Amino acid sequence: MKPLWFRLPGPSRFLNNVFSELSGGINVLLLAPKEAAGPICDALNELVVDRGHFAPSIFIDATVEHHEIDKLLLDCLPEPSDQDLDAPDTVELLFRHLSDHLFLIMTSGEDANRWIDFLGQHYLLRIRGRKPGQSPIFFIVATTNDWQRTSSGGVAYMGQPPREISGDVAFRCHTWDGVIHRSDVEAYVISQLVDNTEEDEEWYKELQAAMVSCIAGDHIELIEYLTTLRWSLLELPETALYSSKIMLRDGLINDSGDYDEEVWQRRIWRAQVREVFPIIEEMRIHIIRTAIQNGCLADQLFTKVGTQKQAVADAMELDFGDLPKNMMKEANRELFHKASLLRKIRHDIAHLKPVRMDKLDQDLFRKMLKEIRS
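**Considering the nonpolar core**
Now for step 1: Ranked by size, the top nonpolar core spans 87 residues in total, and within it Phe-139, Trp-176 and Phe-365 carry the most contacts.
Now for step 2: Apart from the residues lying within four places of it in its own chain, the contact partners of Phe-139 are Val-18, Leu-22, Val-28, Leu-30, Ile-40, Cys-41, Leu-44, Leu-102, Phe-103, Leu-104 and Ile-105.
Now for step 3: If you look at the next biggest cluster of nonpolar residues, it comprises 21 residues, including Leu-29, Ile-58, Phe-103 and Ile-105.

**Thoughts on the pattern of salt bridges**
Now for step 1: Following the criterion strictly, the structure yields 15 salt bridges and no others.
Now for step 2: Between Arg-274 and Glu-186 there is a salt bridge whose closest N-O contact spans 2.7 Å. Placement of Arg-274 in helix α10 (residues 261-293) and of Glu-186 in helix α6 (residues 182-192) is noted, with a sequence separation of 88 residues between them.
Now for step 3: Here Arg-284 ties to Glu-281 by a salt bridge, and the two come within 2.7 Å at their closest N and O atoms. Note that Arg-284 and Glu-281 are positioned in helix α10 at a spacing of three residues, about one turn of the helix.
Now for step 4: Judged by relative accessible area, Arg-284 falls into the buried class, the value being 7%.
Now for step 5: Relative accessible area serves as the criterion here: at 25%, Glu-281 is assigned to the partly exposed category.
Now for step 6: Linked by salt bridges that have partners in common, Arg-182, Glu-186, Arg-274 and Glu-275 make up one network.

**What about the side chain of Thr-227?**
Now for step 1: On the secondary structure map, Thr-227 appears in helix α8 (residues 220-228).
Now for step 2: Classification of Thr-227 by relative accessible area gives buried; the value is 4%.
Now for step 3: A distance of 2.7 Å separates a polar side-chain atom of Thr-227 from the backbone oxygen of Ile-223.
Now for step 4: Setting aside anything within four residues of it in sequence, one finds Thr-227 in contact with Tyr-188, Val-189, Gln-192, Gln-208 and Val-212.

**Let's talk about the side chain of Asp-184**
Now for step 1: In this structure, Asp-184 sits in helix α6.
Now for step 2: Lacking a salt bridge, the buried Asp-184 has Arg-13 as its closest oppositely charged neighbour, with an N-O distance of 5.7 Å.
Now for step 3: At 3.1 Å, the side chain of Asp-184 and the backbone nitrogen of Gly-10 are in polar contact.
Now for step 4: Not counting the four nearest positions on each side in its chain, Asp-184 is found in contact with Trp-5, Leu-8, Pro-9, Gly-10, Pro-11 and Val-179.

**So, the packing of aromatic side chains**
Now for step 1: Applying the stated criterion across every chain, the model contains seven aromatic pairs.
Now for step 2: Both rings, one in Trp-203 and one in Tyr-204, keep their centres 5.1 Å apart while their planes meet at 75°; by these two values the pair is edge-to-face.
Now for step 3: Note on Trp-203: relative accessible area 1%, which makes it buried.
Now for step 4: Classification of Tyr-204 by relative accessible area gives buried; the value is 3%.

**Considerations on unusual backbone geometry**
Now for step 1: Positive phi is not limited to glycine here, since Leu-352 has a value of about 60°.
Now for step 2: With respect to the secondary-structure elements, Leu-352 resides in the loop between α11 (333-350) and α12 (357-360).

**Focus: the environment of Leu-341**
Now for step 1: Turning to its location among the elements, Leu-341 is positioned in helix α11.
Now for step 2: With 21 residues separating them along the chain, Leu-341 and Phe-320 place their C-alpha atoms 9.4 Å apart.
Now for step 3: Excluding residues within four positions of it along the chain, Leu-341 makes contact with Lys-359, Gln-362, Leu-364, Phe-365 and Met-368.

**Some remarks on the sheet that holds strand β2 (residues 55-61)**
Now for step 1: Strand order across the open sheet formed by five strands is β2-β3-β4-β1-β7, with parallel pairing between neighbours. Since the sheet does not close on itself, it has two edges, and those belong to β2 and β7 (171-175), each with one partner. The mean angle between the axes of side-by-side strands here comes to 15°, regardless of whether they run parallel or antiparallel.
Now for step 2: Relative to strand β4 (residues 137-143), strand β1 (residues 27-32) is paired through five bridges, and the arrangement is parallel. By the bridge assignment, Leu-31 is partnered in β4 with Ala-142.
Now for step 3: Those strands touched by helix α1 (residues 9-23) are β1, β3 (101-108), β4 and β7, and its axis lies near 175° from that of β7.
Now for step 4: Taken strand by strand, helix α2 (residues 34-51) contacts β1, β2, β3 and β4, and its axis lies near 160° from that of β4.

**Some thoughts on the pairing of β7**
Now for step 1: Within β7, four of the five residues are buried, which leaves the element mostly enclosed by the surrounding structure.
Now for step 2: Pairing of β1 with β7 involves five bridges; the strand directions are parallel. When the sheet's bridge partners are listed, Asn-27 is paired in β7 with Phe-171.

The rules behind each value
Sequence order as written defines the numbering, with residues in each chain counted from 1. Per-residue local features of the predicted model are confined to residues with pLDDT of at least 70, and side-chain atom pairs are confined, for both listing and counting, to 80 or more; whole-chain, interface and lining totals are unaffected and use all residues. Working from all heavy atoms in the structure, the side-chain values ignore hydrogens and water. Joining through side-chain atoms within 4.5 Å is the link that ties buried Ala, Val, Leu, Ile, Met, Phe, Trp, Tyr and Cys residues into a set, and such a set is a nonpolar core. Relative accessibility under 20% of the residue-type maximum defines a buried residue, over 50% an exposed one, and the middle range a partly exposed one, all with a 1.4 Å probe and only protein chains included. Contact between two residues is taken to exist if any of their heavy atoms lie within 4.5 Å; hydrogens are not considered. For this analysis, a salt bridge means a side-chain nitrogen from Lys or Arg found within 4 Å of a carboxyl oxygen belonging to Asp or Glu. Only DSSP runs of H or I with at least four residues qualify as helices, and only runs of E with at least two residues qualify as strands; both kinds are numbered from the N terminus onward. Distance and chemistry together define a polar contact, namely a pair of N or O atoms within 3.5 Å, with one atom able to donate a hydrogen and the other to accept it when in protein, and with adjacent residues in sequence counting only for side-chain atoms on both sides. A residue counts as positive if it is Lys or Arg and as negative if it is Asp or Glu; His and the chain ends are not included. Two aromatic rings, drawn from Phe, Tyr or Trp (for Trp, its six-membered ring), form a pair once their centres lie within 6.5 Å of each other, and the interplanar angle then sorts them: stacked below 30 degrees, edge-to-face above 60, tilted otherwise. DSSP bridges decide pairing: two strands pair if at least two such bridges lie between them. Note on definitions: angles span 0 to 180 degrees between N-to-C directions of axes, and those axes are lines fitted to C-alpha atoms, for helices only across the stretch in contact.

In structure tokens form, the structure reads like this:
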């Protein structure tokens, strides 16, 4: 997960809100995917450094192996203590030396309950009534995808009975779900594409960003991987190039490790409906107006309903399929070919098929794109 993510509106707003809670003396538990936990701690630490509210953060990575929580905390003292954290003088030692520090603790989802129980029993209940700055503050990231909120605001680990975080323990619980919005994903993808100031190229960036967003949702690793594929994401890339776990979880591949082509193609199609259809509709109107100005339309306009021809009074009502049939090809061959290309693109979209790049990247399509944006 690249640092750029945390400069995007959704993640930036979320981290600022968490920082405000921590600055106000509220301990925070965040439930986040494994791939996001470390970068989140790094980004939060940058806020701490920039704003100078806390003393330098103390980072504890408790994900590596089973650990003794009291030992991890005592090791943070300037002079590590062998005493048990239950001892009152040891607790006061922690207050005295670490009272203005922020602890950034990364732990597994399975161990998050241990941290909450331990801190609630041995530490947090003893600081009730202390003001911010008189006791350390804890930010715990539970690195798992298997947490859920309970109806009353607590958390439960999947497969275990729901357990609440009581008001006495004073942890505020957040999840990473929903932090990254579609607009964040698309802004990230566009920022990673080769810079080009031409207006038609900007549309191609927007199209690729929309396709990545629809395929990957808010799965950061998958977004970053698909962005590197450029237009080849319209095909089915080699699954060996990317960890299949997220794709399996997100329904992109089946239990055998093969792509679910229908799911993959349908997500691309949804993105193209949003980005391609409005553009070709503008192109259709532009072609009709140009054809009227140049006298390229037939005298009697028609549409087909079943096998029957039906008169059309207003040229603007000519649909993609009707437009080429109502044009005099010899009057303006290029205009006729433009209308025919739009008919093929619209046909794909109408039949739930993603439009291939050999249609969207034609010189003729690029020319139409410049014409409607000039």
